[in-house]
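# A structural walkthrough
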Amino acid sequence: MSTDNIQILIAMIIYISAILGIGVYFLKIANENSDNYFIGGRTLGPWVAAMSAEASDMSGWLLMGLPGVAYWFGWSDAFWTALGLAIGTYLNWKITARRLRNYSAVAGDAITIPEYFSNRFKENKKVIMLIASLFILVFFTVYAASCFVTVGKLFNSLFGIQYQVVMIAGACFVILYTLLGGFLAESVSDFMQGVIMIIALVLVLVMGTTAAGGINAISENIQRIPGFFDFFGIANPTVVDGAQQVLAGNPVFGPALPYTFLTIISTMSWGLGYFGVPQVLLRFIAIRDAAEIPKARRIATTWCVISLFAAVFIGLIGRVLYPTELLTPSGAESIFIVMSTNLLPPLIAGFVMAGILAATMSSSDSYLLIAASAFSKNIYEGILKKDATDKEIMRVSHITLIVISIIGVLLALDETSVIFNIVSFAWAGFGATFGPLMIFSLFWKRTNREGAIAGMLGGAGMVFIWRLFIKPIGGVFGIYELLPAFLVSCAFIVVVSLLTKEPSQEIQDEFEQVKAASIN
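Since this is a predicted model, take the numbers as computed values, not measurements.

Calculation rules
Every chain is numbered independently, its residues counted from 1 as its sequence is written. Per-residue local features are limited, in this predicted model, to residues with pLDDT of at least 70; the limit for side-chain atom pairs, both in listing and counting, is 80 or more; totals at the level of whole chains, interfaces and linings are taken over all residues. Hydrogens and waters are ignored; side-chain quantities use all the structure's heavy atoms. Think of it in three bands: residues with accessible area under 20% of the maximum for their type are buried, residues over 50% are exposed, and the middle band is partly exposed, with areas taken using a 1.4 Å probe on protein chains only. Labels follow the DSSP assignment, with helices taken as runs of H or I lasting at least four residues and strands as runs of E lasting at least two, numbered in each case from the N terminus. Criterion used throughout: strands pair if DSSP finds at least two bridges between them. pLDDT measures the predictor's confidence residue by residue and takes values from 0 up to 100. Here, nonpolar core refers to any group of buried Ala, Val, Leu, Ile, Met, Phe, Trp, Tyr and Cys residues whose side-chain atoms link them within 4.5 Å. Here, two residues are considered to be in contact whenever any of their heavy atoms come within 4.5 Å of each other. Only one rule defines a salt bridge in this text: a Lys or Arg side-chain nitrogen within 4 Å of an Asp or Glu carboxyl oxygen. Each aromatic pair joins two rings of Phe, Tyr and Trp (for Trp, the six-membered one) with centres within 6.5 Å, and gets the label stacked for planes under 30 degrees apart, edge-to-face for over 60, and tilted for any other angle. A ring has a charge above it when a Lys NZ or an Arg CZ is no more than 6 Å from the ring centre and no more than 35 degrees off the ring normal. Within 3.5 Å is the distance limit for a polar contact, defined as a pair of N or O atoms, with the added protein rule that one can donate a hydrogen and the other accept it, and that residues adjacent in sequence qualify only through two side-chain atoms. Orientation is described by lines fitted to C-alpha atoms, with helices fitted over the stretch in contact, and by angles between N-to-C directions that extend from 0 to 180 degrees. Oblique is the label for any angle not covered by the other classes, which are roughly parallel (under 35 degrees), roughly antiparallel (over 145) and roughly perpendicular (65 to 115). We call a crossing left-handed when the near helix sits turned anticlockwise from the far one by less than a right angle, and right-handed when that turn is clockwise. All amino acids are sorted into three groups, where Ala, Val, Leu, Ile, Met, Phe, Trp, Tyr, Cys and Pro are nonpolar, Asp, Glu, Lys and Arg are charged, and the leftover types, Gly among them, are polar. Excluding any residue in a salt bridge, patches collect residues exceeding 30% relative accessible area, merging like charges within 9 Å and nonpolar Val, Leu, Ile, Met, Phe, Trp and Tyr side chains within 5 Å. Note that accessible areas follow from Shrake-Rupley with a 1.4 Å probe, and for residues the cover is restricted to the protein chains shown.

### Some thoughts on the pairing of strand E1 (residues 233–237)
Within E1, 4 of the 5 residues are buried, which leaves the element mostly enclosed by the surrounding structure. Across 4 bridges, the pairing between E1 and strand E6 (residues 253–258) is antiparallel. Note that in E6 the partner of Pro237 across the bridge is Phe253.

If you want it as structure tokens, here you go:
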């Protein structure tokens with residue numbers, strides 16, 4: 001191992017040690033009871049709530065997936081995705097956060113998303129809870145796999161260690177950390193990791209801009225590639241046998257492809273996913289005071305906008321600096337690593353690489369913790385054994401966490417996996433399964449249990465149907481599956497709710513109580 005790599009490794013070990021220290025610090029608090037382990041006793045302040053929500057949401061996708069898309073396809077696809085996510089972040093904090101914080105407390109002091117939905121509709125037979133928990137297990141297993149892929153690519157790119165070996169080692173570390181400290185440790189470390197991520201992105205952006213000769217030089221270079229810096233066109237890399245062609249030292253691109261209005265709407269629909277992703281919604285439930293939500297919203301939105309657009313520009317600058325370095329879509333996702341290790345001193349690069357590790361850990365521990373709670377709290381305690389003790393719930397949670405991790409590792413064994421594609425599928429799944437129901441449950445009194453079940457099944461089913469059978473047709477059907485699935489879920493909720501019995505007076509009175517508290 002070279003001297004540079006040793007310095008990078010030292011920086012990352014320092015970071016990992018700090019994260020483990022946080023887990024150990026919160027070990028006693030987390031294991032006092034399952035409420036502390038899963039939701040931190042509703043004690044998050046606005047800074048921790050906001051930063052941990054965004055850091056756990058973005059994952060390694062922010063530092064690898066999004067810059068990779070910009071490097072490969074240019075401005076349009078990455079820009080419209082980032083814009084949709086930025087708008088979605090603001091609207092979710094503005095519209096959903098306060099009312100969910102209040103409703104979850106009124107609805108049986110719910111501490112998980114499935115529990116909130118079940119309590120909201122006063123279920124006797126826990127059908128909603130079971131369906132929601134199962135979908136959380138499915139989609140978070142996919143999400144966890146994307147995080148393990150990121151870890152594998154990071155260490156393989158940096159140190160040349162076999163991808164599968166470092167991917168499994170990284171997964172084991174995440175499991176250990178999540179077992180230690182639970183939600184509080186995860187949220188506090190996510191706050192720290194959010195700080196590291198934004199510093200890393202801004203630092204690499206500034207260094208890259210300087211190395212490329214400034215903004216004017218970057219603009220001149222990328223505009224030579226057809227469709228690369230266009231709002232309504234997209235670059236078209238010439239690919240043979242899976243790799244972009246190189247001619248006379250330059251990457252080969254075909255004529256630019258159109259980026260239609262329908263494609264823009266489809267890409268911006270990424271923002272709809274925020275209304276259904278549990279890792280963000282749980283921060284709304286866990287914040288200590290609803291009055292602090294406006295401050296948290298400003299923090300979260302600012303972080304999100306800076307980070308997203310820094311990631312996009314890093315991909316563009318990377319194409320200027322290293323035009324033929326990365327010749328596959330999967331390889332393009334390493335552009336952040338390439339720029340960091342080439343432009344920064346080794347020790348600083350190590351801390352920047354820790355930003356990728358931070359992004360991955362902040363997401364994977366959230367995913368594993370929420371998935372574990374879905375089974376242990378909602379299925380095991382809520383359905384299978386209602387008299388389960390806290391100790392039993394914790395034990396089942398730990399077993400579930402390990403099983404999900406093993407499945408995630410198996411899904412992540414393919415090192416050619418494209419992080420952006422994995423995340424986009426899971427994001428659509430959560431957005432369409434829970435997003436419409438979350439909005440309707442908070443704001444439409446007529447929503448009933450039957451409509452809720454129909455909306456979840458319709459949205460989730462359409463994600464699979466559209467992605468596997470309709471999207472491959474192409475043309476107008478080649479849009480992101482979240483948009484049609486979200487609309488189908490909304491339609492199912494409204495139609496089925498209106499065709500079936502209205503909610504009981506108790507449910508309607510509770511709705512009005514929360515509505516009044518959220519306005520005041």
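After that view of the structure, there is still more to cover.
### Let's talk about the confidence of the model for the protein chain
Mean pLDDT over the protein chain stands at 88; residues scoring 70 or higher make up 93%. Model confidence for the protein chain, summarised as mean pLDDT per element, is weakest for helix H3 (residues 34–39) at 50 and strongest for helix H19 (residues 482–499) at 98.

### Quick word on the nonpolar core
As a rule of thumb, soluble globular proteins bury nonpolar side chains together. Judged by nonpolar contacts, the single largest core of 167 residues is most densely connected at Trp61, Leu62, Trp93, Leu308, Phe336 and Met353. Among the elements that take part in this core, helix H7 (residues 127–159) stands out by supplying 20 residues, more than any other. Once residues within four sequence positions are removed from consideration, Met353 is found in contact with Ile8, Met12, Leu154, Leu158, Phe336, Ile337 and Ser340.

### Quick look at the pattern of salt bridges
In the structure shown here, the tally under the stated rule is 9 salt bridges. For the salt bridge of Lys153 with Glu333, the shortest nitrogen-to-oxygen distance reads 3.0 Å. Within this pair, whereas Lys153 is found in helix H7, its partner Glu333 is found in the loop between helix H13 (329–332) and helix H14 (335–343), the two being separated by 180 residues in sequence. Glu333 matches Lys153 in its accessibility class, with the two residues each being buried.

### A few points about the packing of aromatic side chains
Counted according to the given criterion, the structure contains 32 aromatic pairs. Each ring, one from Trp93 and one from Phe284, has its centre 4.7 Å from the other, and the planes form 70 degrees; the classification is edge-to-face. A residue pair is termed long-range when its members are at least 10 positions apart, and Trp93 in helix H5 (residues 75–106) and Phe284 in helix H11 (residues 278–286) qualify at 191 residues. Here Trp93 and Phe284 have matching classes, each one buried. The side chain of Arg120 reaches across the aromatic face of Phe121, ending 4.7 Å from its centre. In this arrangement the basic side chain of Arg319 is found over the ring face of Tyr71, its NZ or CZ atom lying 4.2 Å from the centre.

### Section: H11
With respect to burial, H11 is a largely interior element, 9 of its 9 residues being buried. Every buried residue of H11 is listed here: Pro278, Gln279, Val280, Leu281, Leu282, Arg283, Phe284, Ile285 and Ala286.

### Section: the side chain of Asn448
In this fold, Asn448 is placed in the loop between helix H17 (419–443) and helix H18 (449–470). Polar contacts involving the side chain of Asn448 include one to the main-chain amide nitrogen of Glu450, which spans 3.3 Å. Of the polar contacts made by the side chain of Asn448, one reaches the backbone nitrogen of Gly451; its length is 2.8 Å. Not counting residues within four places of it along the chain, the set of residues in contact with Asn448 comprises Phe121, Val496, Ser497, Thr500, Lys501 and Pro503.

### Looking at the packing of H5 against H11
One can describe the packing of H5 onto H11 by two numbers: an axis separation of 8 Å at closest approach and a directional angle of 55 degrees. Comparing their axes, H11 and H5 come out oblique. H5 and H11 meet at a crossing whose hand is right-handed. Between H5, through Asn92, Trp93, Thr96, Ala97, Leu100, Arg101 and Ser104, and H11, the contact on the second element is made entirely by Val280, Leu281, Phe284 and Ile285. Across the contact of H5 with H11, the residue classes break down as 7 nonpolar, 3 polar and 1 charged.

### Side note on the environment of Leu203
By the element assignment, Leu203 lies in helix H8 (residues 163–211). Taking the relative accessible area as the measure of exposure, Leu203 reaches 29% and is therefore partly exposed. For the pair Leu203 and Leu344, spaced 141 residues apart in the sequence, the C-alpha separation amounts to 9.1 Å. Once you skip the residues sitting within four places of it in the chain, Leu203 turns out to touch Leu344, Ile348 and Val352.

### Focus on the side chain of Thr267
Its location among the elements puts Thr267 in helix H10 (residues 261–268). Of the polar contacts made by the side chain of Thr267, one reaches the side chain of Tyr259; its length is 2.7 Å. Apart from the residues within four sequence positions on either side, Thr267 is in contact with Asp77, Trp80, Thr81 and Tyr259.

### Some thoughts on a nonpolar patch on the surface
Side chains of Ile6, Ile10, Ile14, Leu347 and Phe351 sit close together on the surface and give an oily, nonpolar patch of about 420 Å² of accessible area. Elements supplying a minimum of two residues to the nonpolar patch: helix H1 (3–25) and helix H15 (346–384). In terms of residues, the nonpolar patch owes the most to one element, H1, which gives 3 residues. Structurally, the position occupied by Phe351 is in helix H15.

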